[in-house]
Amino acid sequence: MKAIMVVGTTSHAGKSLLSAAICRILARRGWRVAPFKGQNMALNSYVTTSGGEIGYAQAVQAWAAGVTPTVDMNPILLKPQGNMTSQVILKGKAVGRVSATDYYEQYFEVGWQAITESLQHLAADFDLLVCEGAGSPAEINLKHRDLTNMRVAKHLNASTLLVVDIDRGGAFAHVVGTLELLEPEERALIRGIVINKFRGQRSLLDSGIQWLEERTGIPVLGVIPWIEEVFPAEDSLDLLERKSHKEQGELEIAVIRLPRISNFTDFDPLEAEPSVLLKYVSPKQDLGHPDAVIIPGSKTTIADLLILQRTGMAEAIQQYAAAGGTVLGICGGFQMLGKFLADPEGVEGEAGRFKGLSLLPIQTVITGQKIARQRQVVSNFPQVGLPVAGYEIHQGRSRLVESPDTAPNTYQALFDDSSLGLVDNYQSVWGTYLHGIFDNGAWRRAWLNRLRQQRGLKSLPTGVSNYRKQREMVLNTLAAIVEANLDLTKILPS
Ligand SMILES: NC(=O)CC[C@H](N)C(=O)O
């Protein structure tokens with residue numbers, strides 16, 4: 001099958017965004033194109049219509065290609081769980097937890113089989129694949145176990161682009177060094193170099209480009225200017241570097257930056273709200289006085305909860321809630337808001353039963369069985385009757401704790417399916433299992449308007465579309481910038 005491959009000289013060279021842009025450009029030109037990443041490591045994931053879990057970046061790339069995300073687009077997803085272990089998601093299903101050292105032994109063969117099978121499936125439905133590599137293709141110590149980069153490129157005989165991030169410096173050395181370390185047959189697949197994240201004066205780069213082309217014999221097919229972060233960082237490391245572009249907003253919303261924060265793509269629609277200043281607050285930082293506090297999802301809920309307790313952040317959140325502050329939890333965060341959390345089999349880490357923040361009357365048991373599915377529900381809060389779509393990804397099962405304070409008048413189900421979330425009767429503390437909840441435009445605005453009311457601010461219009469539409473605009477802008485600065489003709493298969 002015809003394929004283009006995008007590899008980077010380093011992580012964060014911009015492979016995901018470039019692949020998304022290429023998907024959109026080629027889809028517009030009439031190609032039946034799909035994204036592919038053999039193996040991804042990320043805590044931001046998405047659930048396909050068939051209930052399979054894949055990296056969120058591949059879902060975004062599929063949307064860019066104008067197609068529905070499927071598990072074949074990312075057959076292996078590794079979700080880091082701490083202590084050098086990861087949960088392995090194979091063809092959309094969680095199949096176990098493995099240490100970095102055992103991964104090769106246990107999963108290399110199965111992994112490659114899954115990759116080749118997925119490629120076969122994709123070949124039946126698409127004309128062209130835009131494949132993304134992972135990290136660098138030249139990690140000498142890891143190459144023999146690399147399932148994602150040049151092994152896939154060779155398998156597909158893919159025209160390969162080598163992307164380098166010039167913003168961090170050392171771009172020439174990165175390109176020359178990477179090419180030097182590839183095997184001759186791998187190097188032969190590299191058909192173009194892309195200089196990414198360029199913010200200097202273009203004329204000053206020309207002599208460097210000329211040198212690079214002469215030295216490597218490979219053309220520089222594009223210089224992509226610095227694009228303000230339009231999409232979520234792939235992993236939580238990026239969050240450390242992430243700065244808000246806004247100085248202030250009418251509403252300030254604090255997201256607790258848990259060490260194993262997962263699915264923080266949930267908050268992109270809030271970040272895209274012009275009137276909202278979204279801040280990621282580490283457990284060691286001061287909570288401040290935001291209009292709402294969000295505890296996000298976590299891959300290791302209990303371990304992250306214990307960190308909130310150890311740092312004093314748990315108490316700060318409890319005090320904030322006691323003073324009437326709005327607190328909400330999504331998935332792992334929802335579980336933390338409950339009275340107890342137990343992981344009897346040590347699925348996520350140390351086995352045991354622990355006290356939660358006791359802000360909602362639930363208790364959670366983490367089980368070996370993962371629920372991953374898309375959902376369509378109808379809201380009871382903050383407004384009755386709004387359709388809400390989202391997806392669940394969790395191993396915990398939560399239920400109400402029987403006690404006097406769980407009398408029906410002290411809480412309310414958030415949606416028509418009561419297992420998906422609760423809100424307390426002051427309507428200030430709520431939690432849900434639904435990821436992607438803020439994508440729902442009308443629902444999001446209804447909730448923001450509650451916060452605005454509390455601050456005496458005028459309501460925002462609620463007749464807004466789903467965040468998907470906004471994402472489409474972002475993808476179009478991205479594709480337009482890349483198209484204007486990248487010559488694809490040299491790598492497009494005929
Ligand atoms: N996505 C999440 O936040 C998952 C929460 C928790 N780790 C669970 O599996 O139940």
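In this text, all values refer to a predicted model and were calculated from it rather than measured experimentally. (Residues numbered from 1 in each chain as written. Predicted model: local features only at pLDDT ≥ 70, side-chain atom pairs only at ≥ 80, totals over all residues. Heavy atoms only, no water.)

## Notes on the UniProt feature "active site" (unreviewed entry) in the chain
Then step 1. UniProt records the feature "active site" (unreviewed entry) for Cys 331 and His 435 in the present numbering. Look at the named residues: they lie 105 residues apart in sequence, but the longest C-alpha span between them is just 7.3 Å, so in the fold they bunch up.
Then step 2. Cys 331 sits in the buried class, given a relative accessible area of 6%.
Then step 3. Ignoring sequence-local partners within four residues, the contact set of Cys 331 consists of Gly 297, Ile 393, His 394, Thr 432, Tyr 433 and His 435.
Then step 4. Within the secondary structure, His 435 sits in the loop between β25 (429-432) and α13 (441-454). (UniProt positions renumbered as here; feature names shortened; annotations may be inferred. Buried < 20%, exposed > 50% of the residue type's maximum accessible area, 1.4 Å probe, protein only. Contact = heavy atoms within 4.5 Å. Helix = DSSP H or I, 4+ residues; strand = E, 2+ residues; numbered from the N terminus.)

## A few points about the site of the ligand
Then step 1. The immediate surroundings of the ligand are formed by 15 residues, with Gly 332, Gln 335, Glu 348, Gln 395 and Gly 396 found nearest.
Then step 2. Interatomic distance of 3.1 Å between a side-chain N/O atom of Thr 301 and a nitrogen atom of the ligand.
Then step 3. In the model, a nitrogen atom of the ligand is placed 2.3 Å from a nitrogen or oxygen of the Glu 348 side chain.
Then step 4. Considered on its own, the ligand offers 300 Å² of accessible surface; in the complex 96% of this is hidden by protein.
Then step 5. For the shell around the ligand, the secondary structure elements donating two or more residues are β17 (297-298), α12 (332-337) and β22 (387-400). (Near = heavy atom within 4 Å. Polar contact = N/O pair within 3.5 Å; in protein donor to acceptor, adjacent residues only side chain to side chain. Areas by Shrake-Rupley, 256 points an atom, 1.4 Å probe, with all protein chains shown as cover.)

## Considerations on the packing of aromatic side chains
For any pair of aromatic rings, the description consists of the separation of the ring centres together with the inter-plane angle of the planes.
Then step 1. Under the defined criterion, the tally for this structure stands at 15 aromatic pairs.
Then step 2. Chaining the aromatic ring pairs together yields one cluster made of Phe 267, Phe 381, Trp 430, Phe 438, Trp 443 and Trp 447.
Then step 3. Directly above the aromatic system of Trp 226 lies the positively charged group of Arg 199, at a separation of 3.7 Å from the ring centroid. (Phe/Tyr/Trp six-rings, centres within 6.5 Å; stacked < 30°, edge-to-face > 60°. Lys NZ or Arg CZ within 6 Å of the ring centre and 35° of its normal.)

## Some remarks on helix α10 (residues 301-311)
Then step 1. For α10, the full list of buried residues reads Thr 301, Ile 302, Asp 304, Leu 305 and Leu 308. Buried residues of α10 fall within an arc of 165 degrees about the axis and therefore sit on the same side.
Then step 2. Of the residues one or two after α10, Gly 312 is the one with positive phi, at around 90 degrees. (Arc of directions from axis to C-beta.)

## Notes on the environment of Gly 133
Then step 1. Assignment of secondary structure puts Gly 133 in the loop between β9 (128-132) and α4 (150-156).
Then step 2. Distance in space between the C-alpha atoms of Gly 133 and Ser 465 is 33 Å, their sequence separation being 332 residues.
Then step 3. Among residues more than four places away in sequence, those in contact with Gly 133 are Met 5, Val 6, Val 7, Lys 15, Lys 37, Thr 148 and Asn 149.

## Focus on the nonpolar core
Then step 1. In this structure, Leu 18, Ile 22, Leu 129 and Leu 486 are the most contacted members of the largest nonpolar core, which totals 87 residues.
Then step 2. The two domains that each donate at least three residues to this core are domain 1 (3-231 + 472-485) and domain 2 (237-458).
Then step 3. When near neighbours in sequence (up to four residues on either side) are disregarded, Leu 18 contacts Val 6, Val 163, Val 194, Ile 224, Val 482 and Leu 486.
Then step 4. Listed in part, the 61 residues of the second largest apolar core include Met 313, Met 336, Leu 386 and Tyr 433. (Core = buried A, V, L, I, M, F, W, Y, C linked by side-chain atoms within 4.5 Å. Domains from an automatic or database assignment.)

## Points about the packing of helix α1 (residues 15-28) against helix α14 (residues 467-485)
Then step 1. Between α1 and α14, the least distance of the axes is 8 Å, while the angle of their chain directions is 90 degrees. Taken together, the axes of α1 and α14 lie roughly perpendicular to each other. Judged by residue contacts, Leu 17, Leu 18, Ala 20, Ala 21, Arg 24, Ile 25 and Arg 28 of α1 engage Glu 472, Leu 475, Asn 476, Leu 478, Ala 479, Val 482 and Glu 483 from α14.
Then step 2. Looking at the contact of α1 with α14 residue by residue, the classes come out as nine nonpolar, one polar and four charged. (Axes fitted to C-alpha atoms, helices over the stretch in contact; angles between N-to-C directions. Parallel < 35°, antiparallel > 145°, perpendicular 65-115°, else oblique. Nonpolar A, V, L, I, M, F, W, Y, C, P; charged D, E, K, R; others polar.)

## With respect to the confidence of the model for the chain
Then step 1. Per-chain confidence: the chain averages 93 in pLDDT, with 95% of residues scoring 70 or above.
Then step 2. As a predicted assembly, this complex carries a pTM of 0.94 together with an ipTM value of 0.93. (pLDDT = per-residue confidence, 0-100.)

## Points about α14
Then step 1. An ideal rise of 1.5 Å per residue puts 27 Å on 19 residues; α14 measures up with 27 Å between its terminal C-alpha atoms.
Then step 2. The complete set of buried residues in α14 reads Tyr 467, Arg 471, Leu 475, Leu 478, Ala 479 and Val 482. Looking straight down α14, one finds its buried side chains confined to an arc of 115 degrees; they lie on one side. Of the exposed residues in α14, those oriented more than 90 degrees away from the buried face are Lys 469, Met 473 and Ala 484.
Then step 3. On its buried side, α14 packs onto α1, α2 (56-65), β12 (220-225), α9 (268-271) and α13.
Then step 4. If you check the start of α14, you find a side-chain oxygen 2.9 Å away from the backbone N of Arg 468, and it comes from Asn 466. (Expected span 1.5 Å × (residues − 1).)

## What to know about the sheet that holds strand β24 (residues 421-424)
Then step 1. Read from one edge of the open sheet, seven strands run β15-β13-β16-β18-β25-β24-β23, paired in mixed fashion. With one partner strand each, in any of the chains shown, β15 (276-281) and β23 (411-413) form the two edges of the open sheet. If you compare each strand with its neighbour and ignore which way they point, the axes differ by 20 degrees on average.
Then step 2. Bridge count between strand β13 (residues 251-256) and β15: six bridges; the pairing is parallel. (Pairing = 2+ DSSP bridges.)

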